[in-house]
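# Reading the structure
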Amino acid sequence: AGQVDLMLVIGGYNSSNTRKLAAACNETGTPTYHIEEAAELKKDWLDNIKITGVTAGASTPVWSIKEVIRIMSEFNNEEFKEENVEEEENEEKKEEEEEVGSGEIPEEPLEGEETEEPEEVEEEAAEEEGEEVAAEVEEEEEVTEETYDREITPIEKGEIVKGKVVQVADDELLVDVGYKMDGIVPRSEVDVKSGESLKDTFQVDDEMDLYVLKVPVSDDDKLLLSKKRYDREKYWQDLEQAFNNQEVLTCQVSEVVKGGLIVDLGVRGFLPASLVDLRYVPDLQEFVGEDIQVKIIELNRAKNKVVVSRKAVLEEEMAQKKKETMETIEEGMVIKGIVRRLTDFGAFVDIGGIDGLVHISEISWQRIDHPSDVLNVGEEIEVKVLSINPEEDRISLSIKHAKPDPWTLVTSKFTPGEIVEGNVKCIVDFGVFVEIMPGVEGLVHISQLAEEHVTHPSEIVSEGEDIQVKILDINAEDKRISLSLKEARREEEGGKEVKEEKKKEETSKKVEEDETKGSGVTLGDVFGDLFDREEEEDKEEEE
């Protein structure tokens with residue numbers, strides 16, 4: 001650029017590479033013009049210019065560069081032709097003047113003299129002319145309105161034309177566009193899948209819409225066409241329409257990039273990670289290769305920028321489901337839902353586009369410390385609708401009320417005076433709560449824990465311990481059961497004493513029978529083990 005009088009930089013206006021070339025040339029102080037195509041050249045740029053430098057971006061087609069150089073050459077030839085025309089006109093004037101000065105007059109036929117052309121020749125010529133005219137009329141009748149329009153209307157650059165493939169080569173397509181000429185579609189102007197050739201993708205007689213890249217201006221030039229450019233224009237038109245109408249588009253995720261996903265919309269679109277789903281997605285890789293629905297939220301063709309959102313589509317679907325759910329559910333209904341989130345105070349359950357809250361007190365008939373004790377995220381459960389607040393979109397749900405109340409079974413399963421096994425669920429200052437069946441707890445008052453005085457229930461039992469208790473009273477209506485630990489132990493001890501007395505009686509009878517028979521058995525042989533057992537029991541009681 002520093003060694004020439006003018007620099008021409010050829011390439012797309014959106015090409016970063018070409019823009020940098022133009023900037024570098026400008027820094028040398030040499031006049032620089034950035035053009036995208038040869039048609040933008042102006043003749044006055046070259047006035048008084050001796051040396052012109054030409055450079056191009058890496059993606060600029062070779063034919064585009066050649067076209068610029070050809071137009072520049074034509075500008076120079078036109079100047080040369082103008083000079084020659086003036087010389088030729090001067091020479092013609094000289095010759096005319098010389099002819100007039102010599103007195104030579106062109107010969108004309110004398111009056112009454114026959115011409116050399118006979119009448120028969122004139123008739124034959126007329127017949128031939130008539131046949132040619134008839135043939136031309138017949139030809140014109142076969143020409144359709146469409147082809148006639150195409151023949152008389154010049155094709156222009158940037159126009160969209162329809163073409164039919166007449167030949168498929170390795171590096172180009174030969175296409176008939178109906179303008180008494182075939183167009184060329186270079187391989188670089190066609191989108192072909194990786195690993196495939198033009199012959200794998202196209203066949204003769206395939207029809208397609210094409211964008212006119214270059215119109216021939218001489219016999220040596222070719223009509224250059226682009227399917228890629230047409231597709232790109234069509235894609236942008238469709239995207240602009242979809243953006244303006246807020247349409248939902250289906251596209252495929254092609255790759256994961258920093259901050260989101262790349263989707264294929266005919267052009268590359270960007271889906272930010274925060275707009276992929278309604279909730280945080282830790283691994284975006286699971287979406288690669290999947291077809292998803294999105295809406296365009298930002299479109300800038302000049303910057304080749306398309307930003308889409310999948311979350312917007314999901315929110316619309318959720319809102320529609322939510323509306324339908326609010327219109328169909330009623331208080332008291334038992335419906336199915338999916339556990340979406342667990343908190344310290346309860347669980348949020350999706351019942352169809354809207355999350356309802358199950359308070360921790362409504363999760364189970366049993367005592368629980370945290371919802372995770374009985375629920376898992378993603379689990380499907382049945383819930384009962386307790387209340388609906390349409391204004392605030394709040395729904396209160398209950399899991400336990402969707403099941404039978406275990407207290408309704410208490411009177412049929414238990415009776416006062418019965419000794420049952422239970423589990424210590426809660427220890428309080430005035431006693432302990434013991435679960436005797438799932439969802440049913442009874443109270444053992446501190447006075448019913450032991451025969452002796454008890455300062456605190458924890459001196460006698462531990463939380464989670466299984467114990468035997470005696471049912472003193474059942475009040476199913478108030479959901480109360482009175483239990484006693486000491487009564488159960490007293491009966492247990494009484495039962496042991498009765499068993500021991502009975503055993504002693506049996507042993508005495510046996511001794512008498514042996515003495516009668518003279519067996520020689522001593523009292524030590526009979527009662528020795530009994531005394532040992534009583535001593536061991538006394539020690540255990542003391543401990």
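Residues numbered from 1 in each chain as written. Predicted model: local features only at pLDDT ≥ 70, side-chain atom pairs only at ≥ 80, totals over all residues. Heavy atoms only, no water.

### Some details on the pairing of strand 22 (residues 466-475)
Strand direction decides the pairing type here: strand 19 (residues 419-428) and strand 22, joined by five bridges, are antiparallel. Looking across to strand 22, one finds that Val 420 is bridged to Val 469. In this sheet, strand 23 (residues 480-484) lies alongside strand 22 in antiparallel orientation, the contact comprising five bridges. Its bridge partner lying in strand 23, Ile 471 is registered against Leu 483. Here strand 22 folds back onto strand 23, and the loop between the two strands holds four residues, one of which, Lys 479, carries a positive phi near 55 degrees. (Pairing = 2+ DSSP bridges. Helix = DSSP H or I, 4+ residues; strand = E, 2+ residues; numbered from the N terminus.)

### Looking at the packing of aromatic side chains
The full count for this structure, using the stated rule, is three aromatic pairs. Measuring from centroid to centroid gives 3.9 Å for Tyr 33 and Trp 45, while their planes differ by 5 degrees, and the two rings are stacked. On the criterion of sequence distance, the pair formed by Tyr 33 in strand 2 (residues 32-35) and Trp 45 in the loop between strand 2 and strand 3 (52-56) is long-range, its members being 12 residues apart. Note on Tyr 33: relative accessible area 29%, which makes it partly exposed. (Phe/Tyr/Trp six-rings, centres within 6.5 Å; stacked < 30°, edge-to-face > 60°. Buried < 20%, exposed > 50% of the residue type's maximum accessible area, 1.4 Å probe, protein only.)

### Considering the sheet that holds strand 16 (residues 355-359)
Sheet strands pair by backbone hydrogen bonding; their relative direction is either parallel or antiparallel. Around the barrel, five strands lie side by side as 14-15-16-18-17; this closed barrel has mixed pairing. This sheet shows a mean twist of 50 degrees between the axes of neighbouring strands, independent of strand direction. In terms of strand pairing, strand 15 (residues 346-350) meets strand 16 through five bridges, oriented antiparallel. Pairing of Asp 350 across the sheet is with Asp 355, part of strand 16. (Axes fitted to C-alpha atoms, helices over the stretch in contact; angles between N-to-C directions.)

### Details of helix 1 (residues 16-26)
A turn of α-helix holds 3.6 residues, and therefore any two residues three or four places apart point the same way. Of all the residues in helix 1, the buried ones are Thr 18, Ala 22 and Cys 25. Looking straight down helix 1, one finds that the buried residues subtend no more than 65 degrees of arc, so they occupy a single side. The inward-facing, buried residues of helix 1 contact strand 1 (6-10) and strand 2. (Arc of directions from axis to C-beta. Contact = heavy atoms within 4.5 Å.)

### A closer look at the nonpolar core
One finds Phe 414, Ile 436, Val 444, Ile 481 and Leu 483 to be the most contacted residues of the largest nonpolar core, which totals 23 residues. When residues of this core are traced back to their parent elements, those giving at least two are strand 19, strand 20 (431-437), strand 21 (440-445), strand 22 and strand 23. Residues Leu 261, Leu 265, Phe 287 and Val 306 belong to the second largest nonpolar core, which totals 20 residues. (Core = buried A, V, L, I, M, F, W, Y, C linked by side-chain atoms within 4.5 Å.)

### Section: the sheet that holds strand 19
Pairing is mixed in the closed barrel, where five strands are placed in the order 19-20-21-23-22. For this sheet, the mean angle separating the axes of adjacent strands, direction not counted, is 50 degrees.

### Focus on the environment of Arg 394
Within the fold, Arg 394 resides in strand 18 (residues 394-398). Here Arg 394 falls in the exposed class, since its relative accessible area comes to 56%. Spatially, the C-alpha atoms of Arg 394 and Met 326 are 9.9 Å apart, while their sequence positions differ by 68 residues. Not counting residues within four places of it along the chain, the set of residues in contact with Arg 394 comprises Ser 387, Ile 388 and Asn 389.

### Topic: the pattern of salt bridges
Opposite charge on two side chains makes pairing possible when the charged atoms of those side chains draw close. As enumerated under the stated definition, the model contains 20 salt bridges in all. The partner of Asp 355 in a salt bridge is Arg 279, and the shortest N-O contact between them spans 3.8 Å. Placement of Asp 355 in strand 16 and of Arg 279 in the loop between strand 11 (268-272) and strand 12 (291-300) is noted, with a sequence separation of 76 residues between them. Residue classification places Arg 279 among the partly exposed positions, given a relative accessible area of 48%. The partner of Glu 491 in a salt bridge is Lys 470, with the nearest N and O atoms 2.4 Å apart. Placement of Glu 491 in helix 9 (residues 485-517) and of Lys 470 in strand 22 is noted, with a sequence separation of 21 residues between them. The class of Glu 491 is partly exposed, set by a relative accessible area of 38%. Each of the salt bridges in this network shares a partner with another, and the network as a whole consists of Arg 229, Glu 233, Glu 240 and Arg 301. (Salt bridge = Lys/Arg side-chain N within 4 Å of Asp/Glu carboxyl O.)

### Focus on the environment of Leu 249
Tracing the sequence through the fold places Leu 249 in strand 9 (residues 249-257). Remark: the alpha-carbon pair of Leu 249 and Val 294, spanning 45 residues in sequence, is separated by 5.4 Å.

### A closer look at helix 7 (residues 311-328)
Taking 1.5 Å of rise per residue, 18 residues should cover 26 Å, and helix 7 covers 25 Å from first to last C-alpha, within 8% of that figure. Buried residues of helix 7: Val 313, Leu 314 and Thr 325, and no others. When helix 7 is viewed along its axis, its buried side chains cluster within an angular range of 105 degrees and face the same direction. Projecting away from the buried face of helix 7 at angles above 90 degrees are the exposed residues Lys 323 and Glu 327. Looking at the buried positions of helix 7, the neighbouring elements they touch are strand 12 and strand 13 (305-309). (Expected span 1.5 Å × (residues − 1).)

None of this, on its own, says anything about what the molecule does.
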